[in-house]
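Structure at a glance
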Amino acid sequence: MNRVITIGREFGSGGRSIAKMVGEKLGIPVYDSELLAKIAEESGFAKEYVADCGENFSFDRLIARSLSGIGSYSQATAEDHLWTMQRKVILELAEKGSCIIVGRCADYILRDKADCLRVFIYADMKKRAEHIVKAYGESDVSPEKRLRDKDKRRSAFYTYHTDMTWGAPHNYHICLDSGTLGMEKCAELICSLY
């Protein structure tokens, strides 16, 4: 039986790095940017569009969809098609073999899979701000604002597609504070649970 780990994460918490560490330790593939490429290939959308819209909802799009029922016809069709393709790819990867899937509501999509460990990684604002400045550099926008904006978009996307609260502990088997535990310890804990 294939064993799958899904890793949801706050922006800047190091979730992607932790997933890579776990994948190396366990010798199983990690699907993050590779997942984007596969979804783009199967959906026909540009990889940049999949990266921007496959896990994030802008509030403008969310408000437009809410006010009109489904948003503009072409926009709703594109977003719905992307969600369908994303879901299909995640289910196929879980069937294909043991793996780690980062983000993209994989915890929800695979919630009924018997051997799926659902993980959420978080950290306090200060640690995450330090991490994104180190990883992505400075910008005109404060690190705290970048974190809040990205987390809001991820949360809106997750809630829209799942009717659940993003980051809520009851959606996951374990939630780990990477700012306190450190990324290496988080990876060790996930490996031991696997």
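Provided above is the structure to which this section pertains.
What comes next is a walk through the structure.

Reading guide: rules and limits
- Residues numbered from 1 in each chain as written.
- Predicted model: local features only at pLDDT ≥ 70, side-chain atom pairs only at ≥ 80, totals over all residues.
- Heavy atoms only, no water.
- Salt bridge = Lys/Arg side-chain N within 4 Å of Asp/Glu carboxyl O.
- Helix = DSSP H or I, 4+ residues; strand = E, 2+ residues; numbered from the N terminus.
- Buried < 20%, exposed > 50% of the residue type's maximum accessible area, 1.4 Å probe, protein only.
- Expected span 1.5 Å × (residues − 1).
- Pairing = 2+ DSSP bridges.
- Contact = heavy atoms within 4.5 Å.
- Axes fitted to C-alpha atoms, helices over the stretch in contact; angles between N-to-C directions.
- Parallel < 35°, antiparallel > 145°, perpendicular 65-115°, else oblique.
- Left-handed = near helix turned anticlockwise from the far one by under 90°.
- Nonpolar A, V, L, I, M, F, W, Y, C, P; charged D, E, K, R; others polar.

1. Points about the pattern of salt bridges
The full count for this structure, using the stated rule, is eleven salt bridges. Its salt-bridge partner being Asp151, residue Arg128 comes within 2.6 Å of it at the nearest N-O pair. One end of the pair, Arg128, is in helix α7 (residues 125-136); the other, Asp151, is in helix α8 (residues 143-162), and 23 residues separate them in sequence. Owing to a relative accessible area of 4%, Arg128 belongs among the buried residues under this scheme. Among the ionic pairs, Asp149 bridges to Lys145, the shortest N-O distance being 2.8 Å. In this pair, Asp149 and Lys145 both sit in helix α8, four residues apart, roughly one turn of the helix. By relative accessible area, Asp149 is classed as partly exposed at 26%. With a relative accessible area of 38%, Lys145 lands in the partly exposed category. Among the ionic contacts, a cluster of salt bridges with common partners joins Lys38, Glu42, Lys88 and Glu92.

2. Some remarks on α8
A rise of 1.5 Å per residue sets the reference length of α8, with its 20 residues, at 28 Å; its end C-alpha atoms lie 28 Å apart and thus fit the reference within 8%. Those residues of α8 that sit buried are Pro143, Arg146, Leu147, Lys150, Asp151, Arg154, Ala156, Phe157, Tyr158, His161 and Thr162. Just downstream of α8 lies Asp163, where phi reads positive at about 60°.

3. A look at the sheet that holds strand β3 (residues 99-102)
Taken in spatial order, the five strands make up an open sheet running β2-β3-β1-β4-β5, and their pairing is parallel. Two strands in the sheet have a free side with no partner beyond their single neighbour: β2 (30-31) and β5 (174-177). One ladder, built from four bridges, connects strand β4 (residues 116-122) with β5; its direction is parallel. Residue Ile121 lies in a different strand from β5, and its bridge partner there is Leu176. Contacts from helix α1 (residues 15-26) reach β1 (4-9), β2, β3 and β4, with the element oriented near 160° to β1.

4. Remarks on the pairing of β3
Covered by surrounding structure in β3 are Cys99 and Ile101 together with Ile100 and Val102, the residues of both alternating faces. Of the strand pairs in this sheet, β1 and β3 are connected by four bridges, and their pairing is parallel. Looking at β3, one finds that Ile5 is bridged to Ile100. Bridge analysis of β2 against β3 gives two bridges, and the strand direction is parallel. Each residue of the ladder has a partner; that of Val30, found in β3, is Ile100.

5. What about unusual backbone geometry?
Of note in this structure, Arg104 is not a glycine but carries a positive phi near 55°. Relative to the elements of secondary structure, Arg104 occurs in the loop between β3 and α6 (106-109). Residues other than glycine seldom take positive phi values, yet Cys105 does so here, at roughly 60°. One can find Cys105 in the loop between β3 and α6.

6. Description of the packing of α1 against helix α10 (residues 183-193)
One can describe the packing of α1 onto α10 by two numbers: an axis separation of 9 Å at closest approach and a directional angle of 50°. In terms of axis orientation, α1 runs oblique to α10. Crossing geometry of α1 relative to α10 is assigned as right-handed. Facing α1, whose interface residues are Ser17, Ile18, Met21, Val22, Lys25 and Leu26, α10 presents Met183, Glu184, Cys186, Ala187, Glu188, Ile190 and Cys191. For the contact of α1 with α10, the residue count by class is nine nonpolar, one polar and three charged.

Keep in mind these values describe shape, not function.
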